[in-house]
Amino acid sequence: MSASRRGGTTDALGPDEPERAGPEGPDGADLLAALLDGMDAALCALDADGVVTHWNREAERILGWSAAEAVGRKGFAGWAVRPADADEVQRRLMSAMDAHGRQVHEFALLTKDGGRVLVRTQSAAVRGPGGDSAGVYCAFSEVHAQIDLERSIALSEALFADASWGVVLIDADLRPAVVNAHAARALGIGRSSALGRPLGDLLAHGVEELESALTHVLAEGAPPALAEFWVGVRTAEGEQRRCWRCGFVRLASPLAEEPVPLGVGWVFEDVTEAKQNEQEAALLRFRSNQLHRAARAAAECEDPAEAATVHLDFALAGFADHAVIDRIAGGCLTDGEPAGPVRLVRVAATPSGGPGPSLLTGRAGLPVRYGPGHPALQCVERAGSVRAGSGSAAPEQAREWATARRWPPDAVHALCAVLRSRGRTLGVVTFLRGAGRAQFERADAAYAEDVAVRIATALDLAGALEGGERD
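Residues numbered from 1 in each chain as written. Predicted model: local features only at pLDDT ≥ 70, side-chain atom pairs only at ≥ 80, totals over all residues. Heavy atoms only, no water.

Looking at an unreviewed UniProt entry, one finds the chain named PAS domain-containing protein and attributed to Streptomyces doudnae.

Printed below as a string of structure tokens:
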């Protein structure tokens, strides 16, 4: 038995009509039955007398009553509704004939096996050719299923409106289809402006890694854990480097028999500040450990000058590529002395040809030919740290820049820290980085000053011992 009345029943609300002659093929009743049975919602219809005229497969699934058992019955009393509730249910359903628009009710219906199920109904009048009410149709679903649907819709709307995370729906072409307000702010662009554009137009860096992850999710499904991506975001102030902690889910159509990917749901949170704090804490722990290890190793050196090179070698790990120690010619510079030309003698340097421990040099006492305004000379004059760099110069110009300052030719960033001990300036330690490292920051200067204190103490002791031996 189909969802509509057949074989002695009518195909629509109203009296029986004669069969229509015509070519073989699906008639209106067949099409209507196919449409009703293909619906996701349960649907029944009653004529003006309250007789059930239509009953689809979803209604059969929920209540257990087949179309053959339901169609033709008058009302729901005694089979789909308890007798005590039958009059109230019938009255509320049939009241839709005199109402405008749809009416929503909740009823407790009976299943064929005697159980009860709470349903939410939407009913409306069916109009005849003259505009008069010919009956009522009623679509219904289980309340918990309806609530689940409403919750899903509400969650979706909330995520794309008020969520404190970035939420982006990426289509199968890896382009944003929906962007919530938080994500739009993170991308530095309006919500509508981001739609349909390639990710490369929205991000300056990190696009390849992000697109690779999205492609993997489309093909294989959601990853088992969150992933973190460093991206470059274009802003009015310039490009900003951000760290996003991302989660991905593959979206498939619930209407298709086979899972057809619709795109990817991408949720992300900006954790840049937390990651930077973690990195800074880890770097601080490492440098503290290096200072501790250097102090223990230097304590085993008989020669204080050798202890100074030990401090220098431990400081280089993860910090710089090269380093040199320049001592003021004549020993030291006392505060308050008349200003005069400062000459520096190189007493230690890291090997420029390859890795290895720092070497003691300058036994001849010949000054290094530093030109006016050299960062090391500025460091002595200011008694403070000085940073310098070749900037955005071409590789050949950067090489000339380093060579002119008597540094290894691959140096592009320099940090000079003054060597002070007992209120006197003993010289300068210079740390150098190549093009593969970032320029020195303020935190790097603080670390270099800690190392410089230890080197200055060792050199001061070496000078005192050397002077004592001469005496």
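Further notes follow.
*Asks:* I'm lost on the overall build of the chain in this one. Help?
*Replies:* Tallying secondary structure elements over the chain gives 14 helices and 18 strands in all. Classification of the 471 residues of the chain by burial places 40% in the buried group. Contacts spanning at least 24 positions in sequence make up 51% of the contacts within the chain whose residues lie at least 6 apart. About 25900 Å² of surface is accessible on the chain, with carbon and sulfur atoms providing 52% of the total. (Helix = DSSP H or I, 4+ residues; strand = E, 2+ residues; numbered from the N terminus. Buried < 20%, exposed > 50% of the residue type's maximum accessible area, 1.4 Å probe, protein only. Contact = heavy atoms within 4.5 Å. Areas by Shrake-Rupley, 256 points an atom, 1.4 Å probe, with all protein chains shown as cover.)

*Asks:* Sorry if this is basic, but what is going on with the sheet that holds strand S10 (residues 238-252) here?
*Replies:* In sheet architecture, strand pairing relies on hydrogen bonds along the backbone and comes in two forms, parallel and antiparallel. If you walk across this open sheet you meet the six strands as S7-S6-S11-S10-S9-S8, and the pairing is antiparallel. The open sheet has two edge strands, strand S7 (176-179) and strand S8 (203-205), and neither has a second partner. Each strand axis lies, on average, 40 degrees off the axis of its neighbour in the sheet, ignoring direction. In the sheet, strand S9 (residues 227-235) pairs with S10 via nine bridges, with the strands oriented antiparallel. When the sheet's bridge partners are listed, glutamate 228 is paired in S10 with arginine 245. Of the strands in this sheet, S9, S10 and strand S11 (261-270) touch helix H10 (residues 272-299), which is tilted by about 115 degrees from S10. (Pairing = 2+ DSSP bridges. Axes fitted to C-alpha atoms, helices over the stretch in contact; angles between N-to-C directions.)

*Asks:* How do you make sense of the pairing of strand S2 (residues 52-55) when you look at a structure like this?
*Replies:* Each regular strand displays side chains that alternate between the two surfaces of the sheet. In this sheet, S2 lies alongside strand S1 (residues 42-47) in antiparallel orientation, the contact comprising three bridges. Counted as the bridge partner of leucine 46 is valine 52 from S2.

*Asks:* I would appreciate a short explanation of the sheet that holds strand S5 (residues 133-142) in the present structure.
*Replies:* As summarised here, the arrangement of the five strands in space is S2-S1-S5-S4-S3, forming an open sheet in which the pairing is antiparallel. What marks the edges here is a single partner per strand, and that holds for S2 and strand S3 (103-110). The average undirected angle you get between the axes of adjacent strands in this sheet is 30 degrees. In this sheet, strand S4 (residues 116-127) lies alongside S3 in antiparallel orientation, the contact comprising eight bridges. Residue pairing for S4: leucine 110 is matched across the bridge by arginine 116. Strands S1, S3, S4 and S5 of the sheet are contacted by helix H4 (residues 83-94), whose axis makes an angle of about 150 degrees with S3.

*Asks:* It is not clear to me how the packing of aromatic side chains should be interpreted in this structure. Could you clarify?
*Replies:* Centre-to-centre distance and the angle between the planes together describe a pair of aromatic rings. Per the stated rule, a full pass over the model turns up 13 aromatic pairs. Judged by centre distance (6.5 Å) and plane angle (75 degrees), the rings of tryptophan 55 and phenylalanine 76 are edge-to-face. One end of the pair, tryptophan 55, is in strand S2; the other, phenylalanine 76, is in the loop between helix H3 (67-70) and H4, and 21 residues separate them in sequence. Judged on exposure class, the residue tryptophan 55 and its partner phenylalanine 76 are both buried. Ring centres of tryptophan 266 and phenylalanine 268 lie 4.9 Å apart, and the angle between their planes is 35 degrees; this geometry places the pair in the tilted category. Considered together, tryptophan 266 and phenylalanine 268 belong to a single accessibility category, that of buried residues. Taken together, Trp55, Trp65, Phe76, Trp79 and Phe140 form an aromatic cluster joined through their ring pairs. The ring of phenylalanine 319 has arginine 433 sitting right over it, with the charged end atom 5.4 Å from the ring centre. (Phe/Tyr/Trp six-rings, centres within 6.5 Å; stacked < 30°, edge-to-face > 60°. Lys NZ or Arg CZ within 6 Å of the ring centre and 35° of its normal.)

*Asks:* Help me out: how do you make sense of the state of the cysteines in this one?
*Replies:* Should the sulfur atoms of two cysteines be covalently bonded, the bond is a disulfide. Using the criterion set out here, one finds zero disulfides in the structure. Cysteine cysteine 138 shares no disulfide, and the gap to the nearest cysteine sulfur, in cysteine 44, comes to 4.5 Å. (Disulfide = S-S within 2.5 Å.)

*Asks:* Help me understand the nonpolar core, please; the structure alone is not making it clear to me.
*Replies:* General note: in soluble globular proteins, nonpolar side chains tend to be found buried as a group. If you look at the biggest cluster of nonpolar residues, it comprises 33 residues, and the most contacted ones within it are Phe319, Ile325, Leu419, Val429, Phe431 and Ile455. Where this core is concerned, the elements lending two or more residues are H10, helix H11 (304-316), strand S12 (322-328), strand S14 (344-349), strand S17 (413-421), strand S18 (424-433) and helix H14 (442-470). For this core, the element with the most residues is H14, which contributes nine residues. If we skip the residues at most four places from it in the chain, leucine 419 touches Ile325, Asp326, Arg424, Thr425, Leu426, Gly427, Val428, Val429, Ala452, Ile455, Ala456 and Leu459. (Core = buried A, V, L, I, M, F, W, Y, C linked by side-chain atoms within 4.5 Å.)

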